[in-house]
Amino acid sequence: MRYGMMIAAMAVCLVLPAQAKDKIAANAPVQVMIIGTFHMANPGRDMHDAKAPDVLLPKYQAELQAIAERLARFHPTLVDVEWPDELVQKRYADYLNGTLKPSHNEVVQIGFRLAKIAGVRAVQGIDSDGDFPYEPVEAYAKAHGQDAILKYANDQTEAMVQAQSRLVREKGITAMLRRLNDPAKLVGDNIFYPLILRVGSGNDQPGAALLTAWNGRNFRICAHLVQRSKPGDHIVVLFGAGHELLLRQCIQQSPGFKLVEPNDYL
C-alpha cells in the first residue's frame, strides 16, 4: 500500500504543475523595484538638480555596466522609465540596433542597458505630463509675509542636492544611487513638500494646489505602471528621485504588488 501511495503521489506531482500553472501564475505578486536616480544629462529642468559628471567617460561607463549587471540579478521582465512611451519605443529600437546617438540620459545609461542585458519583455515609458505650479506659491508667500518658509524649504533642498553632487564626484555613481535609495533618508529628502503646505490660508491654498498637481502626476505614473503589469512580473522602475517616495507608497499600498529594495542589488 505504501508503494502504491507513493506512485499515486508521484503522479499528482507530475500532473499538478500542468493543471495549476495558470492559477499559480495568476496569484503570483508583481515585484517592483523602484530606483530613484539623478538626472545624468544635467537637463536643468528641476528647481534643484544634482550636478552629474560626464557619464560617458570610460570609468563611469565601466561602473554603469557593473550596476546594470547587478540589477539584472533581479531578473526583470519589464523596465519602466521616465519618458513618454512613444519616445521609448523608438529610441530603444535604435539602441538595440546600435544607431542611437551617445546619450548621457539615465534612461539610456541604466534603463536601456539593463533591459538589453536582462533580455526583458519590454521597455515602457510610463511618464505623465503634469504642472508644477510654483509661481502662485511664490507670489502668495511674498504678498503675505511667508517668504521665510520658501527660503527655508529651498535652502534645505539645495544643501541636500549639493551634498549629493559632491558624493557622486567623490565616490561615484553607485554610492550616489545607494544614497538616493536609502529608505531611512527618503522622508527627509522630501521635506520640501510638507513645508510648502504651510503657504496659504483659508480657502486660498497655493501650497496645497502645488502638492495636488505633483501627487496627481505621480498617481498617473503609478497607474501606468500597475495597468501594464501582469502577475509574476519583475519590474524595474527608473525615475528621478523626487518621484521615489510617492511611487513606493503607491506600490506598497497596491494589492498584488510587492516592493523590492534596490539597495539589495546595488
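Scroll up a little and you will see the structure.
In this numbering scheme, every chain counts its residues from 1 along its sequence in written order. Local features in this predicted model are restricted to residues whose pLDDT is 70 or higher, and side-chain atom pairs enter the listing and the counts only when it is 80 or higher, whereas totals over whole chains, interfaces and linings include all residues. For the side-chain quantities, the full set of heavy atoms in the structure was used; hydrogens and water were omitted.

1. Remarks on the packing of helix α2 (residues 58-71) against helix α4 (residues 106-118)
Move 1: Axis geometry follows a simple rule: fit a line to the C-alpha atoms, using only the stretch in contact for helices, then measure angles between N-to-C directions, giving values from 0 to 180 degrees. The secondary structure listing takes helices from DSSP runs of H or I that are at least 4 residues long and strands from runs of E that are at least 2 residues long, numbered from the N terminus. Across the interface, α2 lies against α4 with an axial gap of 9 Å and an inter-helix angle of 50 degrees. One finds that α2 runs oblique with respect to α4. Between α2 and α4 the crossing geometry is right-handed. Residues Gln61, Leu64, Gln65, Ala68, Glu69 and Leu71 of α2 touch α4, and the partners they reach there are Gln109, Ile110, Arg113, Leu114 and Ile117.
Move 2: All residues other than Ala, Val, Leu, Ile, Met, Phe, Trp, Tyr, Cys, Pro, Asp, Glu, Lys and Arg, Gly among them, are scored as polar; the first ten of these are nonpolar and the last four charged. Here the residues of the contact of α2 with α4 sort into six nonpolar, three polar and two charged. Just so you know how the angles are binned, under 35 degrees is roughly parallel, over 145 roughly antiparallel, 65 to 115 roughly perpendicular, and the rest oblique. Handedness of a helix crossing follows the sense of rotation of the near helix relative to the far helix, less than a right angle counterclockwise being left-handed and clockwise being right-handed. Whether two residues are in contact is decided by their heavy atoms, any of which lying within 4.5 Å being enough.

2. Some points on the sheet that holds strand β4 (residues 234-240)
Move 1: Note on pairing: two strands pair once DSSP finds at least 2 bridges between them. What the five strands build is an open sheet, ordered β3-β2-β4-β1-β5; its pairing is parallel. Two strands bound the open sheet, and with one partner strand each, they are β3 (122-125) and β5 (257-260). The sheet shows a mean angle of 25 degrees between the axes of neighbouring strands, direction not considered.
Move 2: Here strand β2 (residues 78-81) pairs with β4 via four bridges, running parallel. Residue Asp80 lies in a different strand from β4, and its bridge partner there is Val237.

3. Focus: the pattern of salt bridges
Move 1: Counted as salt bridges are all cases of a side-chain nitrogen of Lys or Arg within 4 Å of a carboxyl oxygen of Asp or Glu. Applying the stated criterion across every chain yields a total of eight salt bridges.
Move 2: For Arg121, the salt bridge is made with Asp233, and the minimal N-O distance between the two is 2.9 Å. Taken together, the residues Arg121 in the loop between α4 and β3 and Asp233 in the loop between α10 (206-227) and β4 connect sequence positions 112 residues apart.
Move 3: For every residue, the accessible area (1.4 Å probe, protein chains only) is compared with the maximum for its type, and the residue is labelled buried under 20%, exposed over 50%, or partly exposed between those bounds. What makes Asp233 buried here is its relative accessible area of 2%.
Move 4: Two residues, Lys185 and Asp182, come together in a salt bridge whose shortest N-O distance is 3.0 Å.
Move 5: A single salt-bridge network, built from bridges that share partners, covers Glu82, Asp127 and Arg217.

4. So, the state of the cysteines
Move 1: Note on terminology: disulfide denotes any pair of cysteine sulfur atoms within 2.5 Å. In this structure the tally under the stated criterion is one disulfide.
Move 2: There is a disulfide in this structure between Cys222 and Cys250, and the S-S distance comes to 2.1 Å. The chirality of the disulfide connecting Cys222 with Cys250 is left-handed, given an S-S dihedral of about -95 degrees. Taken as a pair, Cys222 in helix α10 and Cys250 in helix α11 (residues 244-252) lie far apart in primary sequence, 28 residues in all.
Move 3: A relative accessible area of 1% means that Cys222 is categorised as buried.
Move 4: Relative accessible area serves as the criterion here: at 15%, Cys250 is assigned to the buried category.

5. Regarding the packing of aromatic side chains
Move 1: Between the rings of Phe, Tyr and Trp (Trp by its six-membered ring), a pair exists once the centres lie within 6.5 Å; its type follows the angle of the planes, with under 30 degrees stacked, over 60 edge-to-face, and the other angles tilted. All told, the structure shown has nine aromatic pairs when counted by the stated rule.
Move 2: An angle of 90 degrees between the planes, with centres 5.5 Å apart, marks the rings of Phe192 and Tyr193 as edge-to-face. Considered together, Phe192 and Tyr193 belong to a single accessibility category, that of buried residues.
Move 3: Every member of this aromatic cluster is reached through a ring pair, and the members are Phe132, Tyr134, Phe192, Tyr193 and Trp214.
Move 4: Geometrically, a lysine NZ or arginine CZ counts as sitting over a ring once it is within 6 Å of the ring centre and also within 35 degrees of the ring normal. For the cation-ring pair, Arg91 lies above Trp83, with the distance from its terminal atom to the ring centre recorded as 4.8 Å.

These figures capture arrangement, not role.
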